[in-house]
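Remarks on the overall topology
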Amino acid sequence: MELSVLRAYLPAYLQAAEATLAIAGLGLVGSTLLGLVIAVAQYFRWPGARPVTAVYVELSRNTPLVVQLFFLYYGLPKLGLVWGSGVCAVVGLTFLGGSYMAEACRSGLEAVEPHQSQSALALGLGPGPALRHVVLPQALALATPAFTANAIFLIKETSVVSIIAYPDLVYVAKDYIGNDYNTSEALALLVAFYLVILLPVSLGAAAWERRLRHAGFGD
Amino acid sequence: MPASGIEVLFEGRNLVRLLGGLWTSLWIALSAMAVSVVLGLPMGVLMTSRHRLVKLVLRIYLEAIRVLPQLVLLFVFYFDLTLVTGVNLSGELAALIVFALWGTAEMGDLVRGAISAIPRHQYQSAAALGLRPTQVQFHVVLPQSARRLLPLAVNLVTRMIKTTSLIVLIGVVEVLKVGQQIIDRNRFDFPDAALWVYATIFLLYFLVCFPISRLAQALERKLDL
Amino acid sequence: MSTIGLATRPRRAAASTLGLVLAAACLIGLAGCAADSDSGPDTSAAGSSPASATTGSSANFRDVAQIQADGTIRIGVFSDKAPFGSVDAQGDYVGYDIEYGNRIGQDLGVEVEYVPVEAASRVSFLETGKVDLILANFTVTAERAEKVDFLKPYMKVALGVASPESAPITDVAQLAGQKIIVVKGTTAETYLASQYPDYDVIKYDQYTEATSALLDGRGDAWVTDNTEALAWTTQNPGFVTGIASLGPADTIAGAVQKGNTDLAAWLNNELVDLGKEDFFHQDYELTLKSVYGDVVSPDELVVEGGQV
């Protein structure tokens, strides 16, 4: 391993890390919103919500992101829909992550005891405010471990977006492997960058979960 | 009728080739899963041991494998391990090794979780009945853990299958690569083939994974967890 | 068996990448355990890695005698780059490079096993002994020659630029500010990077992806081998090869693993023999003629007997 090579590659990796974080962040926001909508729709039994969300959840869960991205990027243009690689990546991550986030939110919502919303309604809050001020805050706190697990999962999943020419960390690494044949340096940096991104999230999540557990009753 | 591109699927042996590509992915996923079950069971049991060094080593292994994207592991093994060992590691074999390592970690953690979920009084009662520790494991703990474990392990199979879609990036000819070959071959006559080919692959993955997911759900309900 | 140690540099470096993974693992493990409210673990043994399984490595190529004894030669080719190497609806490999490969197999008296490669992985397939020979439109360059042993050439090549007929790129200066599509690991990519580092380049792994991207309007031009650009634009109405020759005139040749002089010598002799019967002109007639038509004359592309 040559340090001079590592140093020379560093700027490109930093830029790529930014690109990775950008789609990871947007994908997280997108899938959280989608998941929340689905969970709320199911919780309140909105008409028609069940079949629609069921089909979506099954499609999302039973197909790989790679295939979803290929379809979005190379398939859809044949129908006249040409999205850039960044857009495809965020849409793909949202499509994938939405079902996982919905599950996290659902379990959170169901864990909030019914008397909580009943009491809120009895106190004169409308259904909207009751949801916003009483049920959701508790549900989200309960869903946090599942949420962070999903976040780690989604960040890891971003590693495939180079197949649609999105300039992420893997894209840069493959570039250096293919052109300079500095395989070891390129891979070492790739591993190091993912660790720098994922380790804090992973360790933070573990610590947070322990705190939650200790806050609970007994075991 | 203008060529829509869907006929590309039925030309020559294209459909058979796509299925053959899918089989390559499935074969790798299922082999890796088999290895993961065999190695993951003892790993999970060991993870519940009170021996601190054993726990530490296994935990390091688990976290190392889980924190990195599988694609990165594939790259490290595929591009680097061959240079390290001089052993000619094919894409298929590299994939099998990575998925087995990953699957063993996941499986081990599932086993650990299932064992930890057995209430303490089960151990105590078994011990009170005069069973030796190994008997407790085999006759009391493991059968009960297996019930909890089964749906989770079935779910791991679908995750494994979905993850095999990454192996196209290390040059294994699987369903996506075959799809690309078909698209390229028909570029001039059927420029829209990409839509159909990728939609078909999407559907193929769904048709494989959906029943397995359903099985996991059914097991979960049946075993009343 | 001829033995040439693999360069030690990559070996050491590779071990350290695995080491990095392990070191990180220790970090997590330690942090996790320390946080588990147990007293700090005092284990130093965790650092010694089981993953750094090193065996005494020797060169992993096969010479002619071994290939003939095994009865199969493994040749790395493109599977998505018609008309040079692609797979037909029957699942068979076809193309200009394949005709050459078939002939090599025939004259060696062995079966040919074709292994699909990507542009960027051609060198590593040879380095790691995954194939005996690369016949994948491999342009001879000085950097590559440090990693692999090239044979005598069988084709001439320069870069070309394909662009939509409606907005043709006819001069390299026009590429400034445009989105330029290239395939990773090709001479087009390195040429642009060294000569025009400020240009906006989008890189794809596979030829299929690059051509799809051009068709879908994801870029303004595609820079690739001029042979490829001409072949593709001839068959794709609406696109032209506005620049037919860009950058230095290069050659395309087969390549074997560094140090496999035995196989290289055999193949170079074969190439001289094939030249006597104008093999590559026939190959051109068979595989390329229908694509190029009258746009190109065979002598502009074909090299016989390894003599440019």
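Remember, it's a predicted structure, so these values are computed and weren't measured experimentally. (Residues numbered from 1 in each chain as written. Chains lettered and ligands numbered in written order. Predicted model: local features only at pLDDT ≥ 70, side-chain atom pairs only at ≥ 80, totals over all residues. Heavy atoms only, no water.)

Describing the overall build of chain B
Stated precisely, the cut-off is as follows: The way it works is that DSSP assigns letters per residue, a run of H or I at least four long becomes a helix, a run of E at least two long becomes a strand, and they are numbered from the N terminus. Based on C-alpha atoms, the radius of gyration is set beside the globule rule, defined as 2.2 Å times the residue count to the power 0.38.
Each helix and strand in chain B was counted, giving eight helices and zero strands. The N-to-C order of helical and strand elements in chain B reads α-α-α-α-α-α-α-α. A compact globule built from 225 residues should have a C-alpha radius of gyration of about 17 Å, whereas chain B, at 22 Å, is more than 25% larger. Taking the principal axes of the C-alpha coordinates as reference, chain B spans close to 80 × 45 × 25 Å.

Structural notes on the environment of alanine 188 of chain A
Residues and elements named next belong to chain A. To be explicit about the condition: Only protein chains enter the accessibility calculation, which uses a 1.4 Å probe; a residue whose area is less than 20% of its type maximum is buried, one above 50% is exposed, and one in between is partly exposed.
By secondary structure assignment, the location of alanine 188 is in helix H8 (residues 183-215). Exposure remark for alanine 188: the relative accessible area of 6% places this residue in the buried category. On a C-alpha basis, the gap between alanine 188 and valine 40 in space is 43 Å, while along the polypeptide they are 148 residues apart.

Focus on unusual backbone geometry
Of note, the amide linkage connecting alanine 82 of chain C to proline 83 of chain C takes the cis form, showing an omega dihedral of 0 degrees. Mapped onto the secondary structure, proline 83 of chain C falls in the loop between strand S2 (80-81) and strand S3 (85-87). The phi torsion at alanine 165 of chain A lies on the positive side, around 60 degrees, for a residue other than glycine. Examined against the element boundaries, alanine 165 of chain A turns out to sit in the loop between helix H6 (127-157) and helix H7 (169-180). With a relative accessible area of 4%, alanine 165 of chain A lands in the buried category. Here aspartate 278 of chain C, not a glycine, exhibits a phi torsion of approximately 55 degrees, which is positive. With respect to the helices and strands, the residue aspartate 278 of chain C is situated in the loop between helix H9 (261-276) and helix H10 (279-292).

A short note on the layout of surface pockets
What counts, and what does not: In the cavity and pocket records, a cavity denotes points on a 1 Å grid over the protein atoms alone where a 1.4 Å probe fits but cannot get out, a pocket denotes an open set with protein on both sides within 12 Å along at least 5 of 7 lines, and lining residues are residues with an atom within 4 Å of a point. Grid points are joined across faces, edges and corners, and a volume is the space filled by probe spheres set on the points. Residue polarity is assigned by list, with Asp, Glu, Lys and Arg as charged and Ala, Val, Leu, Ile, Met, Phe, Trp, Tyr, Cys and Pro as nonpolar; anything else, Gly included, falls into the polar class.
Put simply, the second largest pocket is a space of about 820 Å³. Forming the boundary of the second largest pocket are 30 residues, of which Pro167, Tyr171 and Asp175 of chain A together with Val201 and Lys203 of chain C lie nearest the centre. Tallying contributions element by element places H7 of chain A first for the lining of the second largest pocket, with six residues. Taken together, the residues of the lining of the second largest pocket sort by class into 17 nonpolar, six polar and seven charged.

A look at H6 of chain A
Put simply, the rule reads: Between the first and last residue of a helix there are one fewer steps than residues, each counted as 1.5 Å, and that sum is the expected span. Fitting one axis to the seven residues ending at a residue and another to the seven starting there, the bend at that residue is the angle between the two axes.
With 31 residues, H6 of chain A should reach 45 Å at 1.5 Å per residue; the first-to-last C-alpha distance of 37 Å falls well below that figure. Remark: the principal bend of H6 of chain A, roughly 55 degrees, maps to threonine 144 of chain A, with a proline, proline 145 of chain A, within the next four residues.

Focus: the confidence of the model for chain A
All names here are of chain A. Counted only if it meets this: The quantity called pLDDT is the predictor's confidence in a given residue, expressed from 0 to 100. Note on contacts: a residue pair qualifies if any of its non-hydrogen atoms lie within 4.5 Å across the two residues.
Residues at a pLDDT of 70 or more form 96% of chain A, whose mean pLDDT is 88. No element of chain A has a lower mean pLDDT than H8, at 83, and none a higher one than helix H1 (residues 3-43), at 94. Residue range residues 215-219 is modelled with pLDDT below 50. Its contacts to residues more than four positions away, or to other chains, number zero contacts.

Overview of a nonpolar patch on the surface
Quick reminder of the rule: Patch membership needs two things, relative accessible area over 30% and no salt bridge, and members are linked within 9 Å if like-charged or within 5 Å if nonpolar (Val, Leu, Ile, Met, Phe, Trp, Tyr). The protein chains shown are the only cover counted for residues, whose accessible areas, like all others here, come from Shrake-Rupley with a 1.4 Å probe. Whenever Lys or Arg places a side-chain nitrogen within 4 Å of a carboxyl oxygen from Asp or Glu, that contact is recorded as a salt bridge.
On the surface, Val37, Phe44 and Trp46 of chain A cluster together into a nonpolar patch covering about 310 Å² of accessible area. For phenylalanine 44 of chain A, the position within the fold is in the loop between H1 and helix H2 (49-61).

Section: the sheet that holds strand S6 (residues 133-134) of chain C
All names here are of chain C. As a reminder of what qualifies: Only strands that DSSP links by at least two bridges are regarded as paired with each other.
Pairing is mixed across the open sheet formed by eight strands, whose spatial order is S5-S1-S6-S11-S7-S10-S8-S9. Of all strands in the sheet, those with a lone pairing partner are strand S5 (111-116) and strand S9 (200-204), marking the two edges. Two elements, strand S7 (residues 148-164) and strand S10 (residues 221-225), share four bridges in a ladder whose sense is antiparallel. Of the residues in S10, the one forming a bridge with valine 161 is valine 223.

Some words on the nonpolar core
For clarity, the threshold we go by: Among the buried residues, those of types Ala, Val, Leu, Ile, Met, Phe, Trp, Tyr and Cys that are joined through side-chain atoms within 4.5 Å form a nonpolar core. Note: domain ranges come from an automatic or database domain assignment.
Ranked by internal contacts, the top residues of the largest apolar core, which has 158 residues, are Tyr13 and Leu190 of chain A. Sorting elements by how many residues they give to this core places helix H8 (residues 193-222) of chain B first, with 13 residues. In terms of domain composition, this core takes at least three residues from each of domain 1 (64-156 + 251-301) and domain 2 (158-249) of chain C. For leucine 190 of chain A, the residues in contact, after removing those within four places along its chain, are Tyr13, Leu169, Val170 and Ala173 of chain A together with Val72 and Phe75 of chain B. Within the second largest apolar cluster, 37 residues are counted, among which are Ile73, Leu151, Tyr284 and Val302 of chain C.

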